[in-house]
Amino acid sequence: MTETIERSLKEVLYHDVEYVQPPFLKEGDEVALISPAYWMAEETILHAAAVIENWGLRPVIGPNTTCLNVEAYAGTADERAADLRWAFENERIKAVICTRGGYGSIHLLNRIPPEFYQQHPKWLIGHGDITTLLYALTGAGVMCIHGPMASHIGSHQDLSTALIRDLLFGKLPQYQIPTNANNRYGHAEGILVGGNLASYAAIAGTKFQLSHNQDIILFIEECEESLHDIDRLFYMLQLQLNFKNVKGIIFGSFNSIRYDLSFGSVEQMLVAHLQGYDIPVCCGFPAGSDISLPMIEGAPCSLDVTPEGSVLTFNIHGTQQPCVVEKSEPFLMKA
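The rules behind the values
- Residues numbered from 1 in each chain as written.
- Predicted model: local features only at pLDDT ≥ 70, side-chain atom pairs only at ≥ 80, totals over all residues.
- Heavy atoms only, no water.
- Pairing = 2+ DSSP bridges.
- Helix = DSSP H or I, 4+ residues; strand = E, 2+ residues; numbered from the N terminus.
- Axes fitted to C-alpha atoms, helices over the stretch in contact; angles between N-to-C directions.
- Contact = heavy atoms within 4.5 Å.
- Buried < 20%, exposed > 50% of the residue type's maximum accessible area, 1.4 Å probe, protein only.
- Right-handed = clockwise from strand over helix to strand, strands pointing away.
- Phe/Tyr/Trp six-rings, centres within 6.5 Å; stacked < 30°, edge-to-face > 60°.
- 1 Å grid on protein atoms, 1.4 Å probe; cavity = no way out; pocket = protein on both sides within 12 Å on 5 of 7 lines; lining within 4 Å.
- Points joined across faces, edges and corners; volume = space filled by probe spheres on them.
- Nonpolar A, V, L, I, M, F, W, Y, C, P; charged D, E, K, R; others polar.

Description of the sheet that holds strand β11 (residues 246-255)
Item 1. In space, the 8 strands of this open sheet follow the order β13-β11-β10-β9-β15-β16-β8-β17, with mixed pairing throughout. Each having just a single partner strand, β13 (281-283) and β17 (319-324) make up the two edges of the open sheet. Shown here is a sheet whose adjacent strand axes are inclined to one another by a mean of 30°, direction ignored.
Item 2. Where helix α8 (residues 227-240) meets the sheet, it contacts β10 (216-223) and β11, and its direction lies at approximately 160° from that of β10.

In structure tokens form, the structure reads like this:
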């Protein structure tokens with residue numbers, strides 16, 4: 001059933017816990033482009049700004065975004081944190097899109113307290129290393145988006161770009177995902193959390209996490225790691241998280257993976273580690289470093305995995321629109 005509910009600021013009650021849903025955008029709203037991690041060339045940022053302007057929005061670029069520190073980061077940690085604060089505190093800005101990931105978002109965690117995001121709720125969008133910041137927002141009870149960044153928006157007019165545009169204006173994708181030989185069937189409900197495995201495993205279980213009693217649907221993806229590295233990182237998650245609260249798992253894309261163990265796929269290896277958990281597992285969701293269909297983290301959602309395929313529904317305010325996902329094939333690298 002399609003339902004549209006228009007409110008400027010929403011709070012979703014899930015298992016007696018309130019999760020803030022930032023307001024959707026309207027034409028003419030400002031959108032900030034910032035770089036919390038690695039530096040990006042100004043030309044690439046301007047390409048993304050042009051696309052966002054064509055959406056009917058007003059892009060504004062963070063004051064320190066073009067700074068370069070130690071030939072890697074977009075400024076010092078203090079400068080990058082200042083841009084993040086600026087974007088959230090500026091009342092004219094309604095959404096924040098990260099330019100790229102790489103590494104460095106973890107430098108910002110202790111510079112911005114979780115309650116800051118509760119005081120200034122707005123959509124933050126990114127993936128990869130930005131998983132670190134998404135974790136902080138979801139832990140603070142504020143929804144955010146694991147999705148395409150400026151580096152992608154400025155150069156790819158594809159499904160992920162179209163979906164993030166629609167999502168910002170209130171159209172929620174209800175994903176219909178092709179079946180996968182490694183899937184495990186079942187129904188799950190919980191708060192969606194996760195992202196890049198290496199970034200997430202480094203901070204899972206810290207003070208920024210959701211309540212220990214909260215049911216979650218865990219989403220992970222990875223690129224340019226070996227199978228044994230992914231195996232170790234996943235075991236770290238099992239040690240750091242209360243896996244009794246993991247009600248379902250979505251495995252995103254695993255690209256440019258070095259196969260130094262004799263498994264047929266990353267999913268085959270990871271699902272084998274889940275034999276002790278009676279939970280549904282959806283494999284092959286196209287979200288990761290190559291293509292990043294938007295996922296609303298911190299949102300209550302439902303996951304249904306059947307022999308015919310999987311359906312992921314975000315149970316928040318907005319207009320539901322079906323989105324049929326094509327099967328994606330990972331790019332593999334042999335060790």
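Don't stop here, the text continues.
Points about the pairing of β11
Item 1. When you tally the buried positions in β11, you get 9 out of 10 residues, the bulk of the element.
Item 2. Two strands pair when backbone bridges link them, and β10 and β11 are joined in this way by 7 bridges, in the parallel orientation. Counted as the bridge partner of Cys-223 is Asn-255 from β11.
Item 3. The β-α-β motif built from β10, the intervening α8 and the parallel element β11 has right-handed crossover chirality.
Item 4. Direction of pairing for β11 relative to β13: parallel, over a ladder of 3 bridges.

What about the sheet that holds strand β14 (residues 295-297)?
Item 1. What the 6 strands build is an open sheet, ordered β4-β3-β5-β6-β7-β14; its pairing is mixed. The outermost strands of the open sheet, each flanked by one partner alone, are β4 (58-61) and β14. Taken over all neighbouring pairs, the strand axes of this sheet differ in orientation by 25° on average, direction set aside.
Item 2. In this sheet, β14 lies alongside strand β7 (residues 144-146) in antiparallel orientation, the contact comprising 3 bridges. What sits directly across from His-146, in β14, is Met-295.
Item 3. Most of the contacts of helix α2 (residues 77-89) go to strand β3 (residues 30-34), to which it runs at about 175°, and overall it touches β3, β4, β5 (93-98) and β6 (123-126).

Topic: the packing of aromatic side chains
Item 1. For the structure shown, the criterion picks out 13 aromatic pairs.
Item 2. Consider the rings of Phe-88 and Tyr-117, whose centres lie 5.5 Å apart with planes at 75°: the pair is edge-to-face. In this pair, Phe-88 sits in helix α2 while Tyr-117 sits in helix α3 (residues 114-119), placing the two residues 29 residues apart along the sequence. The same class applies to Phe-88 and to Tyr-117, which are both buried.
Item 3. Linked through ring pairs, Phe-234, Phe-243, Phe-251, Phe-254 and Tyr-277 together constitute an aromatic cluster.

Overview of the pairing of strand β16 (residues 309-314)
Item 1. In terms of burial, β16 is a largely internal element, 5 of the 6 residues being buried.
Item 2. With 3 bridges joining them, strand β8 (residues 171-177) and β16 adopt antiparallel strand pairing. Counterpart to Ile-177 in the pairing with β16 is Ser-310.
Item 3. Sheet analysis places strand β15 (residues 300-306) next to β16, joined by 6 bridges and oriented antiparallel. Note that in β16 the partner of Ser-302 across the bridge is Thr-313.

Focus: the side chain of Ser-310
Item 1. Counting through the fold element by element, Ser-310 comes out in strand β16.
Item 2. When neighbours within four sequence positions are excluded, Ser-310 is seen to be in contact with Tyr-175, Gln-176, Ile-177, Asn-183, Cys-282, Asp-304 and Val-305.

Examining the layout of surface pockets
Item 1. Of the pockets and cavities examined, the largest pocket occupies roughly 490 Å³.
Item 2. Lining the largest pocket are 25 residues, with Gly-102, Gly-128, Asp-129, Asn-196 and Ser-199 sitting closest to its centre.
Item 3. Secondary-structure elements contributing two or more residues to the lining of the largest pocket are α5 (150-153), α7 (197-203) and β10.
Item 4. Partitioned by chemical class, the residues of the lining of the largest pocket number 7 nonpolar, 12 polar and 6 charged.

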